[in-house]
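Listed below, chain by chain, are the residues.
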Amino acid sequence: MNIANADTPKYQSRDVDFEKILKKSLKSLDQDVKNCTMNLNVTSKKHLNKKNSGYFFEKILYRTPDQPSADKNTVDMNRERINFLDNSIRYYTRSALLAQSCRINVSASNIANAESFDKNGIPYQAKQVIFKLDTSNCNNKIGGVKIKKIINDKKPWKLIYDPYNPNADEYGYIKTSNVNIIEEMVNTISASRSYQANIEVINTARTMILKTLNLGQ
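Summarised in this report is the structure supplied together with it. Position labels on residues start from 1 in each chain and follow its written sequence. Given that the model is predicted, a residue must reach a pLDDT of at least 70 before its local features are reported, and side-chain atom pairs must reach 80 or more before they are shown or counted; all residues, however, enter totals for whole chains, interfaces and linings. Based on all heavy atoms of the structure, the side-chain values leave hydrogens and waters out of the count.

1. Section: the environment of P156
Thought 1: To qualify as a helix, a DSSP run of H or I must reach at least 4 residues; to qualify as a strand, a run of E must reach at least 2; elements of each kind are numbered from the N terminus. Tracing the backbone through its elements, the reader meets P156 in the loop between β4 (144-152) and β5 (158-161).
Thought 2: We call a residue buried when its accessible area falls under 20% of the maximum for its residue type, exposed when it is over 50%, and partly exposed in between, using a 1.4 Å probe and counting protein chains only. Judged by its relative accessible area of 65%, P156 falls in the exposed class.
Thought 3: A C-alpha to C-alpha distance of 9.3 Å links P156 and K175, two positions 19 residues apart in sequence.

Following this line, the structure appears as structure tokens:
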């Protein structure tokens, strides 16, 4: 909205304190929607019910311009572009952080259950995370990442010779989990490094944005 009205005389740049909104929303989920100062525009049955959403918002704030213009328009195009870029980077990287966190959790579960059996004596089957390109907020070539599904590993069971085990077959072998501890450790390290790399992307982008804002000051 700010960018669209960058050439509108006397237009006052808008801003929202999202942190304050989040804190109030978490404390007041049960409040009636009549306290809202911004109504939800519902265009699909899948959207939140604007009458029972329980969320309310602060009034829109007006941003103080760094360099006021002659026509009293307070939109700073450099700041708006940077905010847009910052939000895009945060969306992509945070989707990756969530995905890699899930990957680490699945590997941890696999390692923890490497010697587990269910109540029927069937060994634990290793799980694998499948990622998918998330193009919901962009075109079909770039986007964030999301978890498509968690599948069972198709590797065969491990056979261990233990004739005295109650689960042993007629040849004295028992089936054990197909979890490969070495592979899971490598997978955990890979996910951890990917997580750290995305953190570095956020920090680097933030540094670049701050330097850009300081240009010309």
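2. Considerations on the pattern of salt bridges
Thought 1: When a carboxyl oxygen of Asp or Glu is within 4 Å of a side-chain nitrogen of Lys or Arg, the pair counts as a salt bridge. Using the criterion set out here, one finds 2 salt bridges in the structure.
Thought 2: In this structure, K155 and D153 form a salt bridge, with 2.4 Å as the shortest nitrogen-oxygen distance.
Thought 3: For K155, a relative accessible area of 30% puts it in the partly exposed group.
Thought 4: The salt bridge involving K155 is made with E183; its shortest N-O contact spans 3.4 Å. Residue K155 is located in the loop between β4 and β5, and its partner E183 is located in helix α3 (residues 181-214); the two are separated by 28 residues in the primary sequence.
Thought 5: Shared partners join several salt bridges into a network, and the residues in it are D153, K155 and E183.

3. Observations concerning a nonpolar patch on the surface
Thought 1: The grouping of L159, Y161, Y171 and Y173 at the surface amounts to a nonpolar patch, some 500 Å² of accessible area in total.
Thought 2: With respect to the secondary-structure elements, Y161 resides in strand β5.
Thought 3: Given the relative accessible area of 53%, Y161 is considered exposed. Like charges within 9 Å and nonpolar side chains (Val, Leu, Ile, Met, Phe, Trp, Tyr) within 5 Å are joined into patches, using only residues over 30% in relative accessible area that form no salt bridge. Each accessible area is a Shrake-Rupley result for a 1.4 Å probe, and residues are judged covered by the shown protein chains and nothing else.

4. Side note on the packing of aromatic side chains
Thought 1: Pairing of aromatic rings covers Phe, Tyr and Trp, the last through its six-membered ring, and needs centres within 6.5 Å; plane angles under 30 degrees mean stacked, over 60 mean edge-to-face, and all others mean tilted. This model, assessed by the stated rule, comprises 1 aromatic pair.
Thought 2: Residues Y161 and Y173 carry aromatic rings whose centres are separated by 5.3 Å and whose planes lie at 65 degrees to one another, so their mutual orientation is edge-to-face. Here Y161 is found in strand β5, whereas its partner Y173 is found in strand β6 (residues 173-176), with 12 residues between them in sequence.

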